[in-house]
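Coordinates in review
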Amino acid sequence: MNIKELLSRYSAGQRDFRDITLIAANLRNVNLSGVNLSGADLRGVNLTRANLSYANLTNVRLQGANLTETNFIAANLTGVDLNGIDVSQTNLSRAIFKESKVAVQ
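Read on for a plain summary of the structure. Source: prediction; values computed, not measured. Residue numbering note: each chain is counted from 1, following its sequence as written. Given that this is a predicted model, residues contribute local features only at a pLDDT of at least 70 and side-chain atom pairs are listed and counted only at 80 or more, while totals for whole chains, interfaces and linings are drawn from all residues. No hydrogens and no water enter the side-chain calculation; it runs on all heavy atoms of the structure.

1. Section: the overall build of the protein
- Helices and strands together make up the secondary structure of the protein, namely one helix and zero strands.
- For this measure, only C-alpha atoms enter the radius of gyration; the expected value for a globule follows 2.2 Å times N^0.38, where N is the number of residues. Taking 13 Å as the expected radius of gyration for a compact globule of 105 residues, we find that the protein reaches 12 Å, a close match to that expectation.
- When the backbone C-alpha atoms are referred to their principal axes, the protein occupies close to 40 × 20 × 20 Å.
- Taking all 105 residues of the protein together, the buried fraction comes to 39%.
- The Shrake-Rupley method, run with a 1.4 Å probe sphere, supplies the accessible areas, and residue values consider only the shown protein chains as cover. Per element, the accessible surface of the protein, about 5,500 Å² overall, is 45% carbon and sulfur.
- Residues scored as positive are Lys and Arg, those scored as negative are Asp and Glu, and His as well as the terminal groups of each chain are ignored. Charge placement uses NZ in Lys and CZ in Arg. For Asp and Glu, CG and CD serve respectively. Charge separation in the protein, taken as the distance between the mean sites of 11 positive and 8 negative side-chain charges, equals 4 Å. Segments assigned H or I by DSSP are reported as helices when at least four residues long, segments assigned E as strands when at least two residues long, and all are numbered from the N terminus. Relative accessible area decides the class of each residue, using a 1.4 Å probe on protein chains only: under 20% of the type maximum gives buried, over 50% gives exposed, and in between gives partly exposed.

Here it is, written out as structure tokens:
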């Protein structure tokens, strides 16, 4: 699946995109609030200013991702490895980090 198809399906009301692969995709400024991306491979993706509030991101691969000003309010980040990713401008309010790896810088 490519970005255009993902956004089209999301606009049509689909929210379940489990195990999708979008390596190095540009998702800058997109609204994917409430999306289910559990198990997705998002390595190197650009999520600058994206809205992923209330999203299910369980076990998502985010190595090398750009999370500048990304909105993860109340997102489920269970099992996500955020080590080495700059989250200083990322909104992680009420996010769930069960079994996640998060290094404070």
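2. Regarding unusual backbone geometry
- At R49, a residue that is not glycine, the phi angle is positive and equals roughly 60°.
- Structurally, R49 can be placed in the segment after helix 1 (3-11).
- Unusually for a residue other than glycine, Y54 sits at a positive phi of about 60°.
- Within the element layout of this structure, Y54 appears in the segment after helix 1.

3. Some words on the nonpolar core
- One finds L37 and L62 to be the most contacted residues of the largest nonpolar core, which totals 30 residues.
- Here L62 is in contact with L42, R43, V45, L47, V80, L82 and I85, once residues within four sequence places are set aside. In this description, a nonpolar core means a group of buried Ala, Val, Leu, Ile, Met, Phe, Trp, Tyr and Cys residues linked to one another through side-chain atoms lying within 4.5 Å. For this analysis, residues touch if any pair of their heavy atoms sits within 4.5 Å.

4. Considering the packing of aromatic side chains
- A pair of Phe, Tyr and Trp rings is counted when the ring centres sit within 6.5 Å of each other, with Trp represented by its six-membered ring. The angle between the planes then sorts it: under 30 degrees is stacked, over 60 is edge-to-face, the rest tilted. Under the counting rule described, the total for this entry stands at zero aromatic pairs.
- A positively charged side chain is recorded as over a ring if its NZ (Lys) or CZ (Arg) lies within 6 Å of the ring centre. The angle to the ring normal must also be within 35 degrees. Stacked on the ring of Y10, the Lys or Arg R15 has its end atom at 3.6 Å from the ring centre.

Nothing here speaks to function; it is all geometry.
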